[in-house]
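# Residue-level structural notes
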Amino acid sequence: MRIEAIELRRVDIPLVTPFRTSFGTQDTRDCVLVRVVTDVGEGWSECVTMPWPLYSAESSDVVIPIVSAHMAPRLLGVDGIGPRDVARLLAPIRGHRMAKAGLEAAVLDAWLRAAGQSFASFLGVTATRVPCGVSVGIHDSTEALVETVGGYLDEGYVRIKLKIEPGNDVEAVAAVRRAFGEDVPLQVDANAAYEPGDIPLLRQLDAFGLLLIEQPFDEERLLANVDLRAAIDTPVCLDESAVSAQVVADAIRLGAVDIVNIKAGRVGGYLEAARIHDLCVAHGVPVWCGGMVETGIGRAANAVLAGMAGFSLPGDNSGFDRFYATDIVADPLRMVDGHLPVPTAPGMGFELDPEAIEAVTVERVLLEA
Ligand SMILES: CC(=O)N[C@@H](Cc1ccc2ccccc2c1)C(=O)O
Ligand SMILES: [Mg+2]
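Predicted, not measured: the structure shown is a model, and the values here were computed from it.

A few words now on the coordination of the magnesium ion (ligand 2). At the metal site, the magnesium ion (ligand 2) is ligated by Asp189 (OD), Glu214 (OE) and Asp239 (OD), and these contacts range over 2.1 to 2.2 Å. Each donor residue of the magnesium ion (ligand 2) belongs to the same chain, and together they define the spacing D-x24-E-x24-D. One end of the pair, Glu214, is in strand 8 (residues 213–214); the other, Asp239, is in the loop between strand 9 (236–238) and helix 9 (245–254), and 25 residues separate them in sequence. In terms of burial, Glu214 and Asp239 fall into one category: buried.

If you want it as structure tokens, here you go:
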């Protein structure tokens, strides 16, 4: 395959309700779509960057400059490129994993569509549906939080994840447990908001029978998770820290992790995500599919990834309507009986809605060979 052009589209899509986490509140999804034009057809993907570098070092502002200046020149006009070549060609560039993931996924989409192959068959996924977990933002009151969680449980979500931060943690989890009982699968996500000195506070969460506590400490604090695991019963899950198969392998060897949240954007692409899945399965480490409030493009690909056999815990695979009133794909994923269907059409699993994409495009750059 030969990449003749790469188009980058910055999009800004309103969220149905503001989404508050320990690093801020979002009321729109500001990210970057990638379209690759090849000699065998087009492919699309999304970069899951945030508008500001608070989840990770990347941000949406940086994607277009870094792809334009340093990544596209390594891909445009090169003959014989397949999806497995993108990471290799971009490997000399340090970091910028969400930008790299977007380029690889767009090439994968074009390559699969040209071959008439689904992403599910490419990954060897035989699951026809995946369970839906939902990520619940920090609320102004426990009453409001309980009302929101009740609504998601009524919709059929099989797992609840609560965002927490210092000052919004034990009381919120206790209120949800009081309202819905001990049997609701429940986990928390700190988005790196705690310090090692908070370990006694985090130990209080052991009272609630949580599935896991996600990313309690800063991305670069691996050994603090070793201390935390020695101090609490709740399994420790990594998100922001789990940036590559290499880091996950070292975290496992260090005894710094019980469970891994896998996100293709965070690790540089779906192929690396599959490698992390295989690594964790080999070490008996449970994995689940994380979410970055994706549009229907990333949401479909994540539904396929979550279908891999080792994804043994419900992921942040929610229906599009958890975050959006309308989607930019023609076939938005809707939850049915607490599950999303695994897409089986050729390509990464979505069909675009060009008008909808046009309506949310705020910036566009076309890079040509
Ligand atoms: C679903 C979930 O909790 N995702 C990320 C963090 C996150 C939170 C909020 C977001 C808002 C806009 C865009 C991306 C976002 C990602 C997480 O697991 O840590
Ligand atoms: Mg997380």
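Here we come to the site of ligand 1. As a structural note, the neighbourhood of ligand 1 is formed by 19 residues, with Gln26, Lys161, Lys163, Asn191 and Gly291 the closest of them. Contacts to ligand 1 include Asn191, whose side-chain N or O atom sits 2.8 Å from an oxygen atom. Across the complex, the protein chains shield 99% of the 430 Å² of accessible surface that ligand 1 would expose by itself. At a threshold of 2 Å from the grid points, most atoms of ligand 1 map onto the largest cavity. A class-by-class count of the residues in the shell around ligand 1 yields six nonpolar, five polar and eight charged.

If you check the backbone angles, Ala192 has positive phi at about 70° while not being a glycine. Structurally, the position occupied by Ala192 is in the loop between strand 7 (186–189) and helix 7 (199–203). Ala192 gets classed as partly exposed once you look at its relative accessible area, which sits at 25%. The phi angle at Asp337 is positive, at roughly 50°, despite the residue not being glycine. In this fold, Asp337 is placed in the loop between helix 12 (296–305) and strand 12 (339–341). When its relative accessible area of 69% is taken as the criterion, Asp337 is described as exposed.

The α-helix winds at 3.6 residues per turn, so residues separated by three or four positions along the chain end up facing the same way. The end-to-end C-alpha separation of helix 3 (residues 97–115) is 26 Å, in line with the 27 Å expected for 19 residues at 1.5 Å each. Counting buried residues in helix 3 gives 14 out of 19 residues, a clear majority hidden from the surface.

Before going further, it helps to examine helix 2 (residues 83–90). Those residues of helix 2 that fall on the buried side of the exposure criterion are Pro83, Asp85, Val86 and Leu90. Within helix 2, the buried residues cover an arc of 145° as seen down the axis, which keeps them to one side. For helix 2, the exposed residues lying more than 90 degrees away from the buried face are Arg84 and Arg88.

By volume, the largest pocket is sized at about 300 Å³. What lines the largest pocket is a set of 18 residues, among which Ala87, Arg97, Lys100, Val267 and Gly268 lie closest to the centre. Of all the secondary structure elements, the ones that give two or more residues to the lining of the largest pocket are helix 2, helix 3 and helix 11 (270–282). Of the residues assigned to the lining of the largest pocket, the class counts are seven nonpolar, four polar and seven charged.

Looking now at empty space enclosed by the protein. It is the rolling of a water-molecule-sized probe over the atoms that shows where space remains empty. By the definition in use, this model includes three cavities of 30 Å³ or more. Quantified by volume, the largest cavity comes out at close to 290 Å³. Along the walls of the largest cavity sit 24 residues, with Phe19, Lys163, Gly291, Met292 and Val293 positioned nearest its centre. When residues of the lining of the largest cavity are traced back to their parent elements, those giving at least two are strand 1 (3–21), strand 2 (24–38) and strand 6 (159–163). Here the residues of the lining of the largest cavity sort into eight nonpolar, seven polar and nine charged. Taken as a whole, the second largest cavity encloses approximately 160 Å³ of empty space. Contributing to the lining of the second largest cavity are 22 residues, with Glu46, Val48, Ala264, Tyr270 and Gly298 lying nearest its centre.

Most of strand 6 is tucked away: five of the five residues are buried. Sheet analysis places strand 5 (residues 133–136) next to strand 6, joined by four bridges and oriented parallel. The partner of Val134 across the bridge, within strand 6, is Ile160. A crossover links strand 5 with its parallel partner strand 6, the connecting element being helix 5 (residues 142–155), and its sense is right-handed. Sheet analysis places strand 6 next to strand 7, joined by four bridges and oriented parallel. Each bridged residue has a counterpart across the sheet, and for Ile160 the counterpart in strand 7 is Leu186.

As a further point, take the side chain of Lys100. Looking at the element boundaries, Lys100 is found in helix 3. Reaching out from Lys100, the side chain makes a polar contact with the backbone oxygen of Ile93 at a distance of 2.5 Å. Residues within four places of Lys100 in sequence aside, it is in contact with Met71, Leu90, Ala91, Ile93, Gly95 and Gly268.

What follows is about the sheet that holds strand 8. Taken in spatial order, the seven strands of this open sheet run 5-6-7-8-9-10-11, and their pairing is parallel. Two strands close off the open sheet at either side, each with one partner strand: strand 5 and strand 11 (287–289). Looking at chain direction, strand 9 and strand 10 (residues 259–262) are connected through two bridges and run parallel. Bridge pairing links Leu238 to Val260 in strand 10.

Scoring rules and cut-offs
- Residue numbers here run from 1 along each chain, matching the order of that chain's written sequence.
- Numbering of ligands from 1 and lettering of chains from A proceed in the order in which they are written.
- Residue-level local features of this predicted model are given only where pLDDT is at least 70; pairs of side-chain atoms are given and counted only at 80 or more, and the full residue set underlies all totals for whole chains, interfaces and linings.
- By convention in this description, side-chain values take in all heavy atoms of the structure and omit both hydrogens and water.
- Distances decide who is a donor: an N, O or S atom must be within 2.8 Å of the metal, or within 3.2 Å for Na, K and Ca. Water is not included, so sites may look incomplete.
- Each helix corresponds to a stretch of at least 4 residues labelled H or I by DSSP, and each strand to a stretch of at least 2 residues labelled E; elements are numbered beginning at the N terminus.
- Partly exposed residues are those whose accessible area sits between 20% and 50% of the maximum for their type, while under 20% is buried and over 50% is exposed, using a 1.4 Å probe and protein chains only.
- Working definition: residue near molecule or strand if any one of its non-hydrogen atoms lies within 4 Å of it.
- Pairs of N or O atoms within 3.5 Å make up the polar contacts considered here, provided that, within protein, one atom can donate a hydrogen while the other can accept it, and that residues adjacent in sequence are counted only when both atoms are side-chain atoms.
- Calculation of accessible area relied on Shrake-Rupley with a 1.4 Å probe; when residues are assessed, cover is drawn exclusively from the protein chains displayed.
- Note on definitions: the grid is 1 Å and covers protein atoms alone; a cavity is a set of points where a 1.4 Å probe fits but cannot get out; a pocket is an open set with protein on both sides within 12 Å along at least five of seven lines; lining residues have an atom within 4 Å of a point.
- By definition, a pocket or cavity contains a molecule when more than half of the molecule's atoms lie within 2 Å of the pocket's grid points.
- Lys, Arg, Asp and Glu make up the charged group, whereas Ala, Val, Leu, Ile, Met, Phe, Trp, Tyr, Cys and Pro make up the nonpolar group; the residues left over, Gly among them, are polar.
- Each helix should span, by expectation, one fewer than its residue count multiplied by 1.5 Å.
- The directions considered for the arc run from the helix axis to the C-beta atoms.
- Grid points are joined across faces, edges and corners, and a volume is the space filled by probe spheres set on the points.
- Strand pairing is assigned whenever DSSP detects at least two bridges linking the two strands.
- By convention, a crossover is right-handed whenever its connection, traced from the first strand over the helix to the second and viewed with the strands pointing away, goes clockwise.
- Contacts between residues were defined by any pair of non-hydrogen atoms, one from each residue, lying within 4.5 Å.

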